[in-house]
Amino acid sequence: MGNTLFGMMNTSASGLRTAQIAVNVTGNNIANANNPAFSRQRAVFGSAMPIHVNGVGFLGGGVTVKDIQRIRDNHLDIQIRNETSNLKDLEAQRDALIQLENIFNEPSDHGLNQLMTDMWNAWEQLNNNPENLAFQTLVQENTRAVADQLNLFTNQLNGVVADLDARQDAEIEAAANLIEQINELNTMIEKAQRLDAGNAPNDLLDQRDALLGELAEFMPIEVTYNSNHTVAVSGITSNGPVDVLTLDGAGIKEITPDLTSGSLRGYEEARAEVQDYQQRLDQYALGLATAMNEMQVANGGEPIFIFDENQAAGSISLNPELEDIVAVSEILSLRDTPIMIDGQEIRLDQFYQSMMTDLGVKADRTQTLLTAQVTLLSHLEDRRESISGVSIDEEMMNLIQFQAAYDANAQVMATITEMIDTIIHRLGA
Amino acid sequence: MRITNRMMMNSHQRNLSRNLNRLHRVENQIVTGRLVNKPSDNPVNATRIMGYQNQIARNDQIKRNIEESILFSEMADTTLKQVNDQMQRIKELTMQAANGTESDVSRGIIADEIEELTKAIVQFMNVTNGEQFIFGGSVSNKAPFELVDGQIVYHGNDEITQVSLAPGITIGRNIPGSQLLGAVVVGTDESGNDIVANLFDTLSGLSEAIRAGDDEQLQELMSHLDQHISNISLIRTQVGITHQRLEMSLTSTENINLNLTESLSKIQDVDFAEKSIELAILETTYLATIQIAAQISRPTLLNFLR
C-alpha cells in the first residue's frame, strides 16, 4: 500500500497531523507561560508502522505522536513539599515570637522593666520619708501600675493564643477543602485513565500537584503514585503516616497535635511558646506578690496584693483593703534579694531579664532558620522552574520548526497531487 | 541550567524584598536612634541595656536621696551651731552671775534671759526641712520638742532613717532629738542607778540657782552645762562626717551614672555617621535592583521574528 501514491499521501498526512499537534502543544505551553502550576509539555514523536514492499524492503509509514509528555521531576516535588512544610512550621513560630516581642516591648522606656524601676524608686522615697502620706500614695499607685501591666500582658498573651487558635481552625478548614479537591481530581484522573490507559492527563496532574504543594504548607505529606496515576496521601505524624484523603476537618484537627511540621504544627509550637511565657509571667507575679505580702503581713499590715495562685499575672491586683504599707524597708530589700520564683532563688529583675534574653535568642534563631529555609526552598523552586517552566524563546523556536515541518509536508502532498495529476491526465491523453 | 523568564522574575522579586528588608532595618535604627529595638535584634545586648537602664534610674533616685540628705545635714549643722551659740551665751551669763557681785535684781534679769534663751533653743531644735521636722526620729509631722512647765517633752522617737547610697550601702540620715537632750550623770538613786539630767534640766536648774543665789549649786550646774556643750559639739562633728560622706557619695554616684550612660550609649545608640553610610550603600543597591527589575521584560526571540 505504502508505495502507492495514495499511500504516500497518508504518510505526508501523518506529518501534517503531527506538526499540527506539536504546534498545538507549543501554543498551550505559551498560553500557560505564567501559570505557576503548569509544567511544560512536549509532543513525543515516533515512527509509524513501516510497510514491507516485496523486493524493496520496509518503507517508512510516516510519523505519529506517541505521547504528550509532561516535563516534571517528581523527586523535586517531594523535596519542595517537605521543605515547604518546614518553612511554614518556622513561619508560624516566628510570627508568634514577633508578637511576643511586641507585647513585652523591651528594651524601652515603657516596658515592665521600667515600671519596676519606677516602683522601687517610689518605695525608696517612702522609705526615706516614712510618715509622708504623699509617698504612701505614690508607692501604691506605682505598685498598682505593675499589677496592671501584668494583667495587660496576660490579656495580650491570651489574645495571641486566641488568634493562633482561629488561624489554625481556618487552616484546618482550608486543608480539608484541599483534600476534597485532591479526591475529586483523583476520580477525574482515574476516569481519564479508563478512557485512555496509555496517556496521562497532564493538566489534571499539574492541578493535583499544585494542590499537593498547597497541602504541604499545612502539614507534612508523603505522596504515593499509583500505576493509574491516582495518588495516596499520608500525613506524617509522630505516630507514623496517616491516610489523610479520608479525613474531614474534624479528622485533621485530631491528628494536628501529632504532625511533625507544616503551619498546623507551627501553631501548636507557637501556642506552647506563648503559654510558656504566660506561665513564667505567672511565676514572676506569684513570686513578687507572695514575697511582698509575706513581709507586709509579718509586720502587721494587710496583704498588698490579692491574686489567684494559679494565674497570678492575670489576676494580681492591689488589695482594696490595703491601708498603709508598714514593711517599707523590708519590702524594699526585695529589690536586691533573690526570692523564690518558679522553684529557684533569683532576683526579680534577673528573672525578667533572662526571660527577655531567652525570647530574643529564640526569635533571632527562628528568624535565622527561616531565612535559610527560604533560600533553600527558592533554590529548589528555581530548579523546578528550570525543568518545568516555559521558556518563550524555546517555544518560539519550536513553533518555527513545526511550522516549517507543516509547510514541508504540505509541499510533499502538493507534489504527490501533481504526480497523480500526471498519471490521470498526461498518461490518458 | 535552563533559565526561563519566570525564574528571572522570581529571583528579582526575592532580591528586591531582601534589599527592602535590610533598608527597612537600617532606616528603623536611624529613626529610633537605637540599635536594639527588640530582644532579637541582639539578645545579649538587649538584656544589658535593660540592666543599665535599671541601674541608671536607680542611681538617679540615689542621687536624689543623697541631695535631700545633704540638705538635711546642712540644716542640722546650722541648727546645732545656733544651739551652741545660745549655750555659749548662757555660759557667759552664768559665769557673770557666779562671780558673786551681782545684786538680786540683776541676777533675776540674768535668770530671765537664760529662760528666754532656753525657749529659743527649743525653737531652733524644732527646725523643719520643708514641712518635715528633722529632729523627731521618724516622726516628721509634729514638733518634736515642747517645754511644759520648764520640763522638756520629746514627742519623737529614736528611729534613724537609713538612706541608700548604693545598692546595699546605707547611711543614717537624721539625728534623733533624744541625742540632743544629752544625759549628764548627777548622782545615784537608792538602788544604785544613775540619775541623769538632760540639757533642759540643767538649763532650768541654772536659772533657778541664779535666782536663788545658790553659788555651790551653780558651780556644779556649770560643769553640767560644759558637758552638754561638748555633747552638742560631738553631734556636730558626727553631722559633719555624715555630710562629708554624702558629698563623696554624690560625686561617685554621678561618676558611676556617667560611666553607665556611656556604656549604655555604646551598645544602644546609633552611630549616625556610620549608619548613614550604610543606608546610602543599601539605597544604591536597592536602586540598582529596581532598575534591573524595570529591564527584566527583556526582548524575547519573538521581537526578532518577521
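For clarity, every value in this text was computed on a predicted model and none was experimentally measured. All chains use their own residue numbering, which begins from 1 and follows the written sequence. Both sets of labels track the order of writing: A upward for chains, 1 upward for ligands. At least 70 in pLDDT is required for a residue's local features to be given in this predicted model, at least 80 for side-chain atom pairs to be given and counted, and no such filter applies to totals for whole chains, interfaces and linings, which use all residues. For the side-chain quantities, the full set of heavy atoms in the structure was used; hydrogens and water were omitted.

Draft legend 1. Examining the overall build of chain A more closely. The secondary structure content of chain A amounts to 11 helices and 11 strands. Relative to the globule expectation of 22 Å for 429 residues, the C-alpha radius of gyration of chain A, 37 Å, shows a markedly less compact shape. The C-alpha extent of chain A, read off along each of the three principal axes, is 140 × 40 × 30 Å. Classification of the 429 residues of chain A by burial places 48% in the buried group. Whether two residues are in contact is decided by their heavy atoms: any pair within 4.5 Å suffices. In chain A, once contacts between residues fewer than 6 apart in sequence are set aside, the share between residues at least 24 apart is 69%. Per-residue accessibility takes into account occlusion by the displayed protein chains alone, with areas from the Shrake-Rupley method and a 1.4 Å probe. For chain A, the computed accessible surface area is about 20100 Å², with 52% contributed by carbon and sulfur atoms. Positive charges come from Lys and Arg, negative ones from Asp and Glu, while His and the chain ends are left out of the count. Just so you know, the charge point we use is NZ for Lys, CZ for Arg, CG for Asp and CD for Glu. Distance between charge centroids for chain A: 14 Å, based on 25 positive and 62 negative side chains. The helix and strand labels rest on DSSP assignments: H or I over at least four residues marks a helix, E over at least two residues marks a strand, and numbering proceeds from the N terminus. It is over C-alpha atoms that the radius of gyration is taken, and the globule rule equals 2.2 Å times the number of residues to the power 0.38. To sort residues, take the accessible area from a 1.4 Å probe on protein chains only and compare it with the maximum for the residue type: under 20% means buried, over 50% means exposed, and anything in between is partly exposed.

Draft legend 2. Summary view of the packing of aromatic side chains. Aromatic pairs are defined between Phe, Tyr and Trp rings, using the six-membered ring for Trp, whenever the two ring centres lie within 6.5 Å; interplanar angles under 30 degrees are classed as stacked, those over 60 as edge-to-face, and all others as tilted. Going through the model one piece at a time under the given rule, you end up with seven aromatic pairs over all chains. Here the aromatic rings of Y284 of chain A and F351 of chain A are separated by 6.1 Å at their centres, their planes lie at 25 degrees, and the arrangement is stacked. Of this pair, Y284 of chain A sits in helix α7 (residues 263–298) while F351 of chain A sits in helix α10 (residues 348–388), and the two are 67 residues apart along the sequence. By the burial criterion, Y284 of chain A is buried, and F351 of chain A matches it. Taken together, the ring pairs in this structure connect F104, F153, Y277, Y284, F351 and Y352 of chain A into an aromatic cluster. The rule is short: NZ of Lys or CZ of Arg within 6 Å of the ring centre and within 35 degrees of the ring normal puts a charge over the ring. Note that R173 of chain B overlies the ring of F72 of chain B, its terminal NZ or CZ placed 4.1 Å from the centroid.

Draft legend 3. Examining the pairing of strand β6 (residues 231–237) of chain A more closely. Residues and elements named next belong to chain A. Within β6, five of the seven residues are buried, which leaves the element mostly enclosed by the surrounding structure. When DSSP locates at least two bridges between a pair of strands, those strands are taken to pair. In the sheet, strand β5 (residues 221–225) pairs with β6 via five bridges, with the strands oriented antiparallel. Residue pairing in the sheet places T224 in a bridge with A232 of β6. Linking two consecutive strands that pair antiparallel, namely β5 and β6, is a turn of five residues; a positive phi of about 75 degrees is found at H229 within it. Bridge analysis of β6 against strand β7 (residues 240–243) gives four bridges, and the strand direction is antiparallel. Looking across to β7, one finds that S234 is bridged to D243.

Draft legend 4. Layout of helix α1 (residues 5–31) of chain A. Given the number of residues in a helix, its expected span is that number minus one, multiplied by 1.5 Å. In a regular helix each residue adds 1.5 Å, so 27 residues correspond to 39 Å; α1 of chain A covers 39 Å between its end C-alpha atoms and thus fits that length. The complete set of buried residues in α1 of chain A reads L5, G7, S12, S14, G15, L16, T18, A19, A22, V25, T26 and N29 of chain A.

Draft legend 5. A look at a nonpolar patch on the surface. A cluster of nonpolar side chains, contributed by I423, I424 and L427 of chain A, occupies part of the molecular surface with about 320 Å² of accessible area. Here I423 of chain A shows up in helix α11 (residues 392–428). Like-charged residues are merged into a patch within 9 Å and nonpolar side chains (Val, Leu, Ile, Met, Phe, Trp, Tyr) within 5 Å, provided each residue has over 30% relative accessible area and no salt bridge. When a carboxyl oxygen of Asp or Glu is within 4 Å of a side-chain nitrogen of Lys or Arg, the pair counts as a salt bridge.

Draft legend 6. A look at the environment of I304 of chain A. Residue and element names in this part refer to chain A. Mapping I304 onto the fold places it in the loop between α7 and β8 (305–306). A C-alpha to C-alpha distance of 41 Å links I304 and P257, two positions 47 residues apart in sequence. Setting aside residues up to four positions removed in sequence, I304 forms contacts with W123, T143, M292, N293, Q296, S317, L318, N319, L322, I325 and I331.

Draft legend 7. Expanded view of the nonpolar core. Residue and element names in this part refer to chain A. Side-chain atoms within 4.5 Å are what join buried Ala, Val, Leu, Ile, Met, Phe, Trp, Tyr and Cys residues into a set we call a nonpolar core. The biggest cluster of nonpolar side chains holds 59 residues, and the ones touching the most others in it are F104, W120, W123 and M292. A total of 11 residues in this core trace back to one element, the largest contributor, which is α7. Setting aside residues up to four positions removed in sequence, M292 forms contacts with M119, W120, W123, I304, F305, I331 and L334.

Draft legend 8. The interface of chain B and chain A, seen in detail. Between chain B and chain A, the residue contacts involve 45 residues of the former and 46 residues of the latter. Here chain B packs against chain A, burying approximately 4000 Å² in sum over the two surfaces, 48% of which is carbon and sulfur. Together, R2, R6 and M50 of chain B form the three largest contributors to the area buried by chain B at its contact with chain A, with a combined 19%. Run the count over chain B and chain A and you get five salt bridges. With its nearest N and O atoms 3.5 Å apart, the salt bridge here joins R34 of chain B to D109 of chain A. Residues adjacent in sequence count toward polar contacts only when both atoms are side-chain atoms; beyond that, a polar contact is any pair of N or O atoms within 3.5 Å, and within protein one must be able to donate a hydrogen and the other to accept it. At the junction of chain B and chain A, the tally comes to 20 residue pairs in polar contact (both at pLDDT 80 or more). Looking at the side of chain B that touches chain A, the elements that each hand over two or more residues are α1 (5–32), α2 (43–98) and β5 (162–166) of chain B. For the side of chain B that touches chain A, the leading source of residues is α2 of chain B, giving 15 residues. All residues other than Ala, Val, Leu, Ile, Met, Phe, Trp, Tyr, Cys, Pro, Asp, Glu, Lys and Arg, Gly among them, are scored as polar; the first ten of these are nonpolar and the last four charged. Residue classes in the side of chain B that touches chain A are distributed as 17 nonpolar, 19 polar and nine charged. The term buried area refers to how much accessible surface (probe radius 1.4 Å) is lost by two components on association, counted for both of them together.

Draft legend 9. The arrangement of the sheet that holds β7 of chain A in detail. Residues and elements named next belong to chain A. On the basis of which strands lie adjacent, the open sheet formed by three strands has the order β5-β6-β7 and antiparallel pairing. Lying at the two open borders of the sheet, with one neighbouring strand each, are β5 and β7. Looking at each pair of strands side by side, their axes are set apart by 35 degrees on average, direction ignored. Angles shown run from 0 to 180 degrees and are taken between the N-to-C directions of axes, each axis being a line fitted to C-alpha atoms and, for helices, limited to the stretch in contact.

Draft legend 10. Structural context of the pattern of salt bridges. This structure, assessed with the given rule, holds 38 salt bridges over all chains. Between E268 of chain A and R271 of chain A there is a salt bridge; the shortest N-O distance is 3.4 Å. Here the residue E268 of chain A and the residue R271 of chain A both occupy positions in helix α7, the gap between them amounting to three residues, near one helical turn. Note that E385 of chain A and R6 of chain B form a salt bridge whose closest N and O atoms lie 2.7 Å from each other.

Draft legend 11. Summary view of a negative patch on the surface. A cluster of acidic residues, D214, D215, E216 and E220 of chain B, forms a negative patch on the protein surface. Here E220 of chain B lies in helix α6 (residues 215–268).

Draft legend 12. How the structure looks around the pairing of strand β6 (residues 169–172) of chain B. Residues and elements named next belong to chain B. Across four bridges, the pairing between β5 and β6 is antiparallel. By the bridge assignment for β6, S164 is matched with T170. Linking two consecutive strands that pair antiparallel, namely β5 and β6, is a turn of two residues; a positive phi of about 90 degrees is found at G168 within it.

Draft legend 13. Summary view of the packing of helix α2 (residues 74–104) of chain A against helix α5 (residues 202–218) of chain A. Residue and element names in this part refer to chain A. As a packed pair, α2 and α5 sit with axes 7 Å apart at the nearest point and diverge in direction by 30 degrees. Between α2 and α5, the crossing angle belongs to the class labelled roughly parallel. Together, D77, R81, T84, S85 and K88 of α2 and D209, L212, G213, A216 and E217 of α5 make up the contact between the two elements. The residue makeup of the contact of α2 with α5, split by class, is two nonpolar, three polar and five charged. Under this scheme an angle from 65 to 115 degrees is roughly perpendicular, one under 35 degrees roughly parallel, and one over 145 degrees roughly antiparallel; angles in between are oblique.

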